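# Descriptive analysis of the structure
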Amino acid sequence: MAISVTFVPFKNRLTMAYIEPAPIVDKENPFEAMMSRFHTAAQILGLEEQVYNVLKSPAKQVTVSLPVTMDDGTIKVFEGYRVIHSTILGPSKGGIRFDPEVNIDEVKALAAWMTWKCAVVDIPYGGAKGGVACQPREMSAGEIERLMRAYTQAMSDVFGPDQDIPAPDMGTGPREMAWLMDQYSRNKGMTVSAVVTGKPIVMGGSLGRTEATGRGVMVTALAAMEKLKINPFKATCAVQGFGNVGSWAAQLLEDRGLKILSISDVSGAYFNDHGIDIQDALKYRDAHKGSLEGYKGAEKITNEELLTLPVDLLVPAAKEDVITHLNAPKIQAKLIVEGANGPTSSKADGIIYEKGISVVPDILANAGGVTVSYFEWVQNRLGYKWTAERVNRRSDRIMKDAFDNVYRVSNEYKVSMRIAAYMVAIDKVAKTYKFRGGF
Ligand code: NAD
């Protein structure tokens, strides 16, 4: 049996007739968008049908019922999920989402996304995702703790530092990861720090994790600007979203010489032709319950207007599906670096490509977070703590190498960097699968 997946030349990609064309739907969710790109990249790679089927099917899906005693003494049963999409490259990695909308289909898609993200930055992990359908904002800390412990208990055979390593996602954070680590460790009768990442720093979390995703956005943006011959000291930028990813990306890009003309959050967007002072905006946000509402250092515009400003660099770092076929024709940026997951619909891809706008795609641009999570796991296993300087240096190198690799494939095959990123990821997982062999 042949054991290599070879890139099929670009001109031959349409000969791969066994795969139906990806459906284009009018209102797509980010997961449909992701599957459509997976499909295109698989076609260009000339992936055999059976390998295509292996890679798109999750390896394991677990659904559990979690009875939890609420503060009023009643027992409520929550539904929890963990989907392991792939362990071909290594133990699976992916966050746990506490949100009322959580369902098995969403978790399945998010798990596949993690497989591609880890593969594109070449870290030795497969992909997974977990979730519990619940509304954490309406629950007390005690109720959330009992739910997290019940979930961990139910998943005690699934999780493990060599098997499946969870992390925070929407609705969970370091506090919940601490409970998970404690519950898992009690079961094992010993402290197992490396079972989960995103822990508080004092109990084995990594320095540099908070800023890691924004930092990866900065590193890949500068690498792309170098290729496009955009001088950062003369470049302008707009950043949508001023939470963890957006505010760190804005700070670090400003530090590297860019003028940040606009920032935004859910309250609206803020524009200043002379550049926004990001430290000033951060101070304002932190003094106003995390919101930019009422910020005086800039004129107020809409989030939609921010996306179409005449800037060199646009960083969508808020939410999914904000760049669509409706506003893509109006985008004026030369470069888009996707801090958020799924900010661009697949229908917008073609319009942006035709306009000659370069896009550093989400699975590459925001992979700095999972990279430093990997470093947290490495440090826990070594029983050693790295300095922030070492974490940053190593994650910068991983992000830059991943960018260079994706850029090379995109040039070689004359495809967008998004399709190139999927090609790199799928090729790596498919090759490893073939070397390992199956039943
Ligand atoms: P966050 O909650 O810290 O910040 C989100 C920001 O977006 C806030 O400023 C919020 O006000 C703003 N926002 C929300 N809805 C908006 C809207 N409709 N219009 C404009 N702004 C809006 O979240 P985050 O951790 O910064 O994550 C942002 C994105 O990056 C998400 O897509 C997330 O999945 C992705 N991401 C995050 C990480 C990470 O390490 N935090 C890693 C990879 C990807």
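Residues numbered from 1 in each chain as written. Predicted model: local features only at pLDDT ≥ 70, side-chain atom pairs only at ≥ 80, totals over all residues. Heavy atoms only, no water.

### A few points about the overall build of the chain
Secondary structure assignment for the chain yields 14 helices and 12 strands. Against the compact-globule benchmark of 22 Å for 439 residues, the chain has a radius of gyration of 22 Å, which places it among compact chains. In terms of overall dimensions, the chain has a C-alpha envelope of 60 × 55 × 45 Å along the principal axes. The 439 residues of the chain split such that 58% are buried. Intrachain contacts of the chain at a sequence separation of at least 6 include 68% that bridge at least 24 residues. Positive and negative side-chain charges of the chain, numbering 51 and 50 respectively, have mean locations separated by a distance of 5 Å. (Helix = DSSP H or I, 4+ residues; strand = E, 2+ residues; numbered from the N terminus. Rg over C-alpha atoms; globule rule 2.2 N^0.38 Å. Buried < 20%, exposed > 50% of the residue type's maximum accessible area, 1.4 Å probe, protein only. Contact = heavy atoms within 4.5 Å. Lys, Arg positive; Asp, Glu negative; His and termini not counted. Charge placed at Lys NZ, Arg CZ, Asp CG, Glu CD.)

### Details of the site of the ligand
Taken together, 17 residues are adjacent to the ligand, and Thr213, Asn244, Val245, Val266 and Asn341 come closest. In the environment of the ligand, an oxygen atom lies 3.4 Å from a nitrogen or oxygen atom belonging to the backbone of glycine 339. At 3.0 Å from an oxygen atom of the ligand is found a side-chain nitrogen or oxygen belonging to asparagine 341. Considering the ligand on its own, with 830 Å² of exposed area, one finds that the protein chains cover 67% of that surface. Looking at the shell around the ligand, the elements that each hand over two or more residues are helix H6 (209-227) and helix H7 (244-255). Its residues assigned to classes, the shell around the ligand comprises six nonpolar, eight polar and three charged. (Near = heavy atom within 4 Å. Polar contact = N/O pair within 3.5 Å; in protein donor to acceptor, adjacent residues only side chain to side chain. Areas by Shrake-Rupley, 256 points an atom, 1.4 Å probe, with all protein chains shown as cover. Nonpolar A, V, L, I, M, F, W, Y, C, P; charged D, E, K, R; others polar.)

### Brief notes about the pairing of strand E1 (residues 60-69)
It is a general feature of regular strands that their side chains alternate between the two faces of the sheet. Bridge analysis of E1 against strand E2 (residues 75-86) gives 10 bridges, and the strand direction is antiparallel. When the sheet's bridge partners are listed, valine 62 is paired in E2 with arginine 82. Counting the residues in the hairpin turn of E1 and E2 gives five residues, including glycine 73, whose phi is positive at 95 degrees. (Pairing = 2+ DSSP bridges.)

### Some thoughts on the packing of helix H3 (residues 104-120) against helix H14 (residues 417-436)
As a packed pair, H3 and H14 sit with axes 8 Å apart at the nearest point and diverge in direction by 90 degrees. As summarised for this structure, H3 and H14 are arranged roughly perpendicular, according to the angle between their axes. Mapping the contact onto sequence places Trp113, Thr115, Trp116, Ala119 and Val120 in H3 and Ala421, Tyr422, Val424, Ala425, Ile426, Lys428 and Val429 in H14. Here the residues of the contact of H3 with H14 are counted per class, giving 10 nonpolar, one polar and one charged. (Axes fitted to C-alpha atoms, helices over the stretch in contact; angles between N-to-C directions. Parallel < 35°, antiparallel > 145°, perpendicular 65-115°, else oblique.)

### Focus: helix H2 (residues 49-56)
Turn by turn, an α-helix covers 3.6 residues, leaving residues three or four places apart pointing in a common direction. Those residues of H2 that fall on the buried side of the exposure criterion are Val51, Tyr52 and Leu55. Viewed along the axis of H2, the buried residues span an arc of 105 degrees, placing them on a single side of the element. (Arc of directions from axis to C-beta.)

### Here's the deal with the pairing of E2
Judged from the six bridges that link them, E2 and strand E4 (residues 126-132) form a sheet pairing that is antiparallel. Residue pairing for E4: valine 83 is matched across the bridge by lysine 129.

### Concerning the domain arrangement of the chain
Assigned domains within the chain: domain 1 (56-191) and domain 2 (212-365). Between the C-alpha centres of domain 1 and domain 2 the distance comes to 30 Å. Counting from both sides, the interface comprises four residues of domain 1 and, opposite them, five residues of domain 2. Buried surface at the junction of domain 1 and domain 2, summed over both partners, amounts to about 460 Å²; 68% is from carbon and sulfur atoms. The largest share of the area that domain 1 buries against domain 2 comes from Trp113, Lys117 and Val120, three residues that together contribute 83% of it. At the junction of domain 1 with domain 2, the criterion picks out zero salt bridges. Taken together, the links from domain 1 to domain 2 amount to one residue pair in polar contact (both at pLDDT 80 or more). The class makeup of the residues in the side of domain 1 that touches domain 2 is three nonpolar, no polar and one charged. (Domains from an automatic or database assignment. Buried area = accessible area lost by both parts, 1.4 Å probe. Salt bridge = Lys/Arg side-chain N within 4 Å of Asp/Glu carboxyl O.)

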